[in-house]
Amino acid sequence: MKKMQEQRQRSLQNSVIQFTLIQNSLFQSLNNTIKVHIVKAISIVLMGVALCCNAHAESGKAEKELNLYSARHYQTDEALYTNFTKQTGIKINRIEADDNALIERLKSEGSKSPADVILMVDTARLWRAQIDGLFRPIQSKNLESRIPENLRAKSDTDGITWFGFSTRARLIVYNKSLMNPKDIDTYEKLAEAPSKGKVCTRSGSHPYMLSLIGSLIELHGEVATELWAKKMVNNMARSPKGGDTDQIKSVATGECGVALANSYYLVRLMRSTKTEDIELVKKIGFIWPNQNSTGVHVNIAGAGVAKNAPHPESAVLFLNYLASDTAQTYFADGNNEWPVVKTSKVENEGLKKLGQFKVQNVSIAAVGRNQISAQRLLDRVGYK
Ligand SMILES: [Fe+2]
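Residues numbered from 1 in each chain as written. Predicted model: local features only at pLDDT ≥ 70, side-chain atom pairs only at ≥ 80, totals over all residues.

**Q** Please provide a residue-by-residue account of the overall build of the protein chain, values included.
**A** Looking only at helices and strands, the protein chain features 16 helices and nine strands. With 384 residues in all, the protein chain has 40% of them scored as buried. (Helix = DSSP H or I, 4+ residues; strand = E, 2+ residues; numbered from the N terminus. Buried ≥ 20, exposed ≤ 12 C-beta atoms within 10 Å, placed from the backbone.)

**Q** So what's going on with the packing of helix H5 (residues 123-131) against helix H7 (residues 207-220)? Residues and values would help.
**A** Across the interface, H5 lies against H7 with an axial gap of 8 Å and an inter-helix angle of 90°. For the element pair H5 / H7, the angle class is roughly perpendicular. Of H7, the residues touching H5 (which contributes Thr123, Ala124 and Arg125) are Pro207, Leu210, Ser211 and Gly214. Of the residues that constitute the contact of H5 with H7, the class distribution is three nonpolar, three polar and one charged. (Axes fitted to C-alpha atoms, helices over the stretch in contact; angles between N-to-C directions. Parallel < 35°, antiparallel > 145°, perpendicular 65-115°, else oblique. Contact = placed C-beta atoms within 7 Å. Nonpolar A, V, L, I, M, F, W, Y, C, P; charged D, E, K, R; others polar.)

**Q** Give a description of the nonpolar core that names residues and reports values.
**A** Of all hydrophobic cores here, the largest spans 95 residues; its most connected members are Val117, Ile118, Val173, Val251, Val258 and Leu319. Excluding residues within four positions of it along the chain, Val117 makes contact with Leu66, Leu68, Ala303, Val305, Ala306, Ala315, Phe318 and Leu319. (Core = buried A, V, L, I, M, F, W, Y, C linked by C-beta atoms within 7 Å.)

**Q** Describe the pairing of strand E3 (residues 117-120), and please don't skip the residues or the numbers.
**A** Of the two faces of E3, the one carrying Val117 and Leu119 and the one carrying Ile118 and Met120 are both buried. Here strand E1 (residues 65-70) pairs with E3 via three bridges, running parallel. The residue bridging Tyr69 from the neighbouring strand is Ile118, located in E3. Both E3 and strand E8 (residues 297-305) contribute to a ladder of four bridges, which runs antiparallel. Bridge pairing in E8 links Ile118 to Gly304. (Pairing = 2+ DSSP bridges.)

**Q** Pulling in residues and values, what's your account of the pairing of strand E2 (residues 91-96)?
**A** Of the strand pairs in this sheet, E1 and E2 are connected by six bridges, and their pairing is parallel. In the strand pairing of E2, Leu68 is matched with Arg94. One crossover worth recording links E1 to the parallel E2 by way of helix H3 (residues 77-88), and it is right-handed. (Right-handed = clockwise from strand over helix to strand, strands pointing away.)

**Q** Which residues make up the confidence of the model for the protein chain, and what are the values?
**A** When pLDDT is averaged along the protein chain, the result is 87, and 84% of the positions lie at 70 or above. Across residues 1-30, confidence stays below pLDDT 50; counting only partners more than four residues off in sequence or on other chains, it has 13 contacts. In this model, residues 38-62 is a region of pLDDT below 50 whose contacts with residues beyond four sequence positions or in other chains number 12 contacts. (pLDDT = per-residue confidence, 0-100.)

**Q** Please set out the environment of Lys358 residue by residue, giving values where relevant.
**A** Turning to its location among the elements, Lys358 is positioned in the loop between helix H14 (349-354) and helix H15 (364-369). For Lys358, a count of 14 C-beta atoms within 10 Å translates into the label partly exposed.

**Q** Let's hear about the environment of Cys256: which residues, and what values?
**A** If you trace the backbone, Cys256 turns up in the loop between helix H9 (244-253) and strand E6 (258-262). By the C-beta count within 10 Å, which is 26 here, Cys256 ends up buried. Measuring from C-alpha to C-alpha, the distance between Cys256 and Ala237 comes to 5.9 Å, with 19 residues separating the pair along the chain.

**Q** Could you give me a rundown of unusual backbone geometry, with the residues and numbers involved?
**A** One non-glycine residue, Asn290, adopts positive backbone phi at about 55°. Structurally, Asn290 can be placed in the loop between strand E7 (284-287) and E8. According to the C-beta neighbour criterion, Asn290 is buried, with 21 such atoms within 10 Å. Look at Asn336: it is not a glycine, yet its phi comes out positive at around 60°. Residue classification places Asn336 among the buried positions, given that 25 C-beta atoms sit within 10 Å.

**Q** Would you mind going over helix H4 (residues 99-109) in detail, with residue names and values included?
**A** Residues that lie three or four places apart on an α-helix share one face, since the helix turns once every 3.6 residues. Taken residue by residue, H4 has Asp99, Leu102, Ile103 and Leu106 as its buried positions. In an axial view of H4, the angular spread of the buried residues amounts to 100°, which keeps them on one side of the axis. For H4, the exposed residues lying more than 90 degrees away from the buried face are Glu104 and Ser108. Taken together, the buried residues of H4 touch E1, E3, H5 and H7. In the segment just after H4, Gly110 is the residue with positive phi, at about 55°. (Arc of directions from axis to C-beta.)

Structure follows, in structure tokens:
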């Protein structure tokens, strides 16, 4: 930018020098009235050039910014954003809030919203933002080739509204001295007799739970899933509360026998060097659910260009950056998530310890669509 401004300044200086030369050589032969008119005309032209260049510089400056509305809440993302600025010179202005608050904010800002990119941590919320018309669909051969079809919004004639950039799995964590893993190796079994009074989850209305239940609706239908949810309520060790880390900690203390948690919360504890975390991890086991049947529920963190993005080019550049090998590695190494781009390398001992697992064959977009049915059935059975 500085170089461009210097070039513009030099070109303006050259124009003034040329103007002075013309004045010196030709003006001598003209009368005074004509001289005044010529000076005025050239001055106006030069002023116009200056204004044009300044306006151009302003718009250039604007393109060097990106307003990111993000629901990601991980310290480790700092390096992900800093690296983008280092690569492109584009400064990221971040607004951080949970998915729900971001959606409300975007809706109230309407066409005046400064948001360029909307980044969310759950497919149910991405779907809602899509339905609310908060995204601007884009067409990108690069994103379409790098991000698998089942991890992005359905394509229509205008393009694609959002793309998944990392995945996380919802696994089962259990207390080794309280539970027999064979009794709890599927989501469905958590609702059965051996888990009576032992199950803990965060609120059923949280997006992570709504998406899991949305996937079960997709696999088994609404009637069967409602029955499952009803039995889950009867198996609770306590009323749903807290975040995923709280569930894992309560399993370790024995308050809960078994709980559901996103994979990166478990890996974070597994990689921790704090004595209390090391002791905690010794008491718990984890299970990849449904390995002989429907597979593990996987969710995404995903993003799209905001509908009224003032910097759409920077926004598209940022999405492409998130799909780059470098950014994909940040997701894996920084926040213990899996890259969506198959060729990206993962050097994370914690993730390696989790090993391979079978994933549900369910479209992430379908899971998003089912969130309203999921919430309704939870309300009917009193799953808080
Ligand atoms: Fe989370």
